[in-house]
Amino acid sequence: MSSSADSMPREELREVTLWVESLSAQLASLQKKTREWQDQINELEVAVAQERDASRRIQVEKEREIASAGLLDVKLALDMEINAYRKLLEGEEDRLKLSSHSVRTTQGKRKRVAESEASSSVIIAHSASATGNVCIDELDMDGELIRLHNTSAQLRAI
């Protein structure tokens with residue numbers, strides 16, 4: 001009996017020792033998995049940060065493209081307006097029988113013309129007279145425009 005009583009605590013000690021070893025192995029396995037998961041989390045955080053940076057760069061580039069497209073729209077509208085004014089000017093040149101060469105001079109030619117005009121003594125005189133219920137309000141310097149004003153209280157149909 002004494003040998004069976006002695007073997008009982010030894011058996012329990014062996015079982016407890018095996019149990020502790022099993023728990024230690026499980027603990028080591030779980031710690032290893034935890035490190036692996038933490039490494040995976042760190043890798044994912046780095047990947048997310050890289051994707052966020054790439055997304056911001058793409059967004060900034062798209063905003064630049066949108067701003068550029070807006071400027072192109074404005075430029076196109078201004079070019080169209082310039083062309084419209086050019087056609088109006090050419091139409092007026094044709095109507096007034098002006099050559100486009102004499103109207104569209106370069107800056108240097110304009111400067112020479114201005115200098116020559118300053119050195120010459122040209123006197124431009126305008127005179128106007130009216131009879132009746134008409135008065136002349138305004139003359140332009142080129143003599144091409146006259147504004148008349150009806151001073152009569154009555155209007156007559158023509």
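All values derive from a computational prediction rather than experimental measurement.

A. A look at the overall build of the protein. On a plain count of helices and strands, the protein comes out with three helices and two strands. Each helix and strand of the protein, ordered N terminal to C terminal, gives the series α-α-α-β-β. The long-range share in the protein, meaning contacts at least 24 apart out of those at least 6 apart in sequence, stands at 2%. Accessible surface, the protein: about 14700 Å² in total, of which carbon and sulfur atoms supply 57%.

B. Here's a closer look at a nonpolar patch on the surface. Judged by side-chain polarity, Val16, Trp19, Val20 and Leu23 come together as a nonpolar surface patch covering roughly 370 Å² of accessible area. Assignment of secondary structure puts Trp19 in helix α1 (residues 2-96). Judged by its relative accessible area of 55%, Trp19 is exposed.

C. Up close: the UniProt feature "coiled-coil region" (unreviewed entry) in the protein. Under the UniProt annotation, the feature "coiled-coil region" (unreviewed entry) is placed at residues 20-54. For residues 20-54, the end-to-end C-alpha separation is 50 Å, with 100% helix and 0% strand making up the annotated structure.

D. Layout of the pattern of salt bridges. Inspection of the entire model under this criterion finds six salt bridges. Between Glu65 and Lys62 there is a salt bridge; the shortest N-O distance is 3.7 Å. Residue Glu65 and its partner Lys62 are both found in helix α1; the two are separated by three residues, about one turn of the helix. Judged by its relative accessible area of 40%, Glu65 falls in the partly exposed class. Its salt-bridge partner being Asp79, residue Lys75 comes within 2.7 Å of it at the nearest N-O pair. Placement of the pair is Lys75 and Asp79 together in helix α1, with a separation of four residues, close to one helical turn.

Conventions adopted
Residues numbered from 1 in each chain as written. Predicted model: local features only at pLDDT ≥ 70, side-chain atom pairs only at ≥ 80, totals over all residues. Heavy atoms only, no water. Helix = DSSP H or I, 4+ residues; strand = E, 2+ residues; numbered from the N terminus. Contact = heavy atoms within 4.5 Å. Areas by Shrake-Rupley, 256 points an atom, 1.4 Å probe, with all protein chains shown as cover. Patch = residues over 30% accessible without salt bridge, like charges linked within 9 Å, V, L, I, M, F, W, Y side chains within 5 Å. Salt bridge = Lys/Arg side-chain N within 4 Å of Asp/Glu carboxyl O. Buried < 20%, exposed > 50% of the residue type's maximum accessible area, 1.4 Å probe, protein only. UniProt positions renumbered as here; feature names shortened; annotations may be inferred.

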